[in-house]
Amino acid sequence: MQYERFVALGDSCTEGLHDLYPGSQQYRGWADLVAATLAAASPRFRYANLGVRGRRLDQIIVEQIPTALDLQPDLVALFGGANDVMTRSFRPAVVAKRVDAAVRILTRAVPTVAVFTLPDVSSRMPGVLRVRGRIEALNDAVRAAALRYGALLVDLSDEDVHDLRYFGPDRLHLSEPGHRRLAAHLLTQLGVPCDPEWLAPLPGEPLQPGLRAHARWLWQEVLPVAVSRTRNWFIGRSPGDGFTPKRPELLPVLPDELNPWTALPGGA
């Protein structure tokens with residue numbers, strides 16, 4: 001099937017954080033890579049990206065899904081839930097209802113809907129073991145909704161998440177190789193060929209951070225986020241307030257604009 005109207009929904013991962021275009025301060029990410037690949041197969045292809053950092057599932061349902069449906073896409077990919085997992089008020093039943101609602105609404109209106117599970121972050125983030133149960137609860141809800149409503153499931157829960165090279169400095173957001181890998185998984189589910197290098201193991205040995213690296217990560221990455229989230233909680237502010245989608249309209253993908261084959265090392 002050739003897709004002509006692709007809309008990506010979600011949070012900072014959909015926005016493309018920690019994967020900058022070469023020589024630019026603009027984020028690329030898995031959705032741009034998928035769009036570029038799909039555009040190569042159809043001159044009529046159009047792409048919109050409504051992802052905004054910090055967005056929870058309830059915000060995605062209210063802010064992004066209505067806009068996406070107005071665009072009448074034939075393909076929607078929703079990557080969300082990570083910010084729900086990180087909130088103080090996380091409740092599995094509430095998140096499961098939000099996942100169910102999002103997938104139900106989308107699949108009723110869009111021919112092809114893809115959703116994602118989350119890999120376990122606790123193995124690479126010391127001190128956050130309590131998040132593991134939350135991620136499992138979210139993933140169970142995503143799998144159940146995908147099965148119930150016929151959405152494509154990109155299941156990342158069994159991915160090798162121990163190699164820090166797939167993640168940015170915060171060990172939470174994907175790096176350039178991580179975004180390539182995620183894009184390849186989605187394209188595979190869609191039955192669309194992609195660069196095999198995107199799924200090839202990275203050369204060399206995975207990084208093995210010691211106590212000093214863990215301490216530096218806690219000081220430089222974890223502590224500032226914890227302080228910011230606490231401040232936001234007190235003043236009623238969301239992390240993504242003030243940010244807008246990077247590509248709010250369905251637009252053509254111009255030659256080489258998002259071209260993963262020329263912009264990435266190892267491309268054909």
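Above this note sits the structure.
This text gives an overview of the structure that appears in the document.

Reading guide: rules and limits
Residues numbered from 1 in each chain as written. Predicted model: local features only at pLDDT ≥ 70, side-chain atom pairs only at ≥ 80, totals over all residues. Heavy atoms only, no water. Helix = DSSP H or I, 4+ residues; strand = E, 2+ residues; numbered from the N terminus. Polar contact = N/O pair within 3.5 Å; in protein donor to acceptor, adjacent residues only side chain to side chain. Contact = heavy atoms within 4.5 Å. Phe/Tyr/Trp six-rings, centres within 6.5 Å; stacked < 30°, edge-to-face > 60°. Buried < 20%, exposed > 50% of the residue type's maximum accessible area, 1.4 Å probe, protein only. Pairing = 2+ DSSP bridges. Axes fitted to C-alpha atoms, helices over the stretch in contact; angles between N-to-C directions. Salt bridge = Lys/Arg side-chain N within 4 Å of Asp/Glu carboxyl O.

## A short note on the side chain of N49
When you line up the elements, N49 lands in strand 2 (residues 46-49). Within the structure, N49 has its side chain in polar contact with the backbone oxygen of T14 (distance 3.0 Å). Not counting residues up to four positions away in its chain, the partners in contact with N49 are A8, T14, A31, D32, P245, K246, R247 and P248.

## A word on the packing of aromatic side chains
Geometrically, a pair of aromatic rings is defined through the distance of the ring centres and the angle of the planes. For the structure on display, the rule yields 4 aromatic pairs. Geometrically, the ring pair formed by F6 and Y47 is stacked, given 5.4 Å between the ring centres and 15° between the ring planes. Of the two residues, F6 is situated in strand 1 (residues 5-10) and Y47 in strand 2; the sequence distance between them amounts to 41 residues. Judged by its relative accessible area of 0%, F6 falls in the buried class. Here the aromatic rings of W30 and F79 are separated by 6.5 Å at their centres, their planes lie at 40°, and the arrangement is tilted. Linking W30 in helix 2 (residues 29-39) with F79 in strand 3 (residues 75-79), this pair joins segments that are 49 residues apart in sequence. Exposure remark for F79: the relative accessible area of 7% places this residue in the buried category.

## Concerning the pairing of strand 1
Regular strands have side chains that alternate between both faces of the sheet. With 5 of 6 residues buried, strand 1 is to be regarded as a mostly interior element. With 4 bridges connecting them, strand 1 and strand 2 associate as parallel partners. Paired with A8 across the two strands is N49, which belongs to strand 2. Looking at chain direction, strand 1 and strand 3 are connected through 5 bridges and run parallel. Directly across from G10, in strand 3, lies its bridge partner F79.

## What about the environment of Y21?
With respect to the helices and strands, the residue Y21 is situated in the loop between helix 1 (12-15) and helix 2. Counting along the chain gives 155 residues from Y21 to E176, while the straight-line C-alpha distance between them is 9.3 Å. Polar side-chain contacts of Y21 include one of 2.7 Å to the side chain of D32.

## Re the sheet that holds strand 3
Strand order in this open sheet of 6 strands is 5-4-3-1-2-6, and the pairing throughout is mixed. Each having just a single partner strand, strand 5 (152-154) and strand 6 (247-252) make up the two edges of the open sheet. Taking the axes of each pair of neighbouring strands and ignoring which way they run, one obtains an average angle of 15° across the sheet. The strands touched by helix 2 within the sheet are strand 1, strand 2, strand 3 and strand 4 (112-116), with strand 1 carrying the most contacts at an inclination of about 170°. Sheet strands touched by helix 3 (residues 57-70): strand 1 and strand 3. Its angle to strand 1, the strand with the most contacts, is close to 175°.

## Describing the pairing of strand 3
Strand 3 sits mainly inside the fold: 5 of its 5 residues count as buried. Of the pairings in the sheet, the one linking strand 3 to strand 4 comprises 4 bridges and is parallel in character. If you follow L75 over to strand 4, its bridge partner there is T112.

## Details of the pattern of salt bridges
A complete count under the given rule lists 13 salt bridges for this structure. Across the salt bridge formed by D19 and R28, the nearest N and O atoms sit 2.8 Å from each other. Like R28, D19 is buried. Ionic pairing is found between R55 and E63, a salt bridge with its closest N-O pair at 2.7 Å. Residue classification places R55 among the buried residues on the basis of a relative accessible area of 7%. On the basis of relative accessible area, E63 is assigned to the partly exposed category, the value being 39%. When salt bridges that share partners are traced, they join R56, D58, D84 and R98 into one network.

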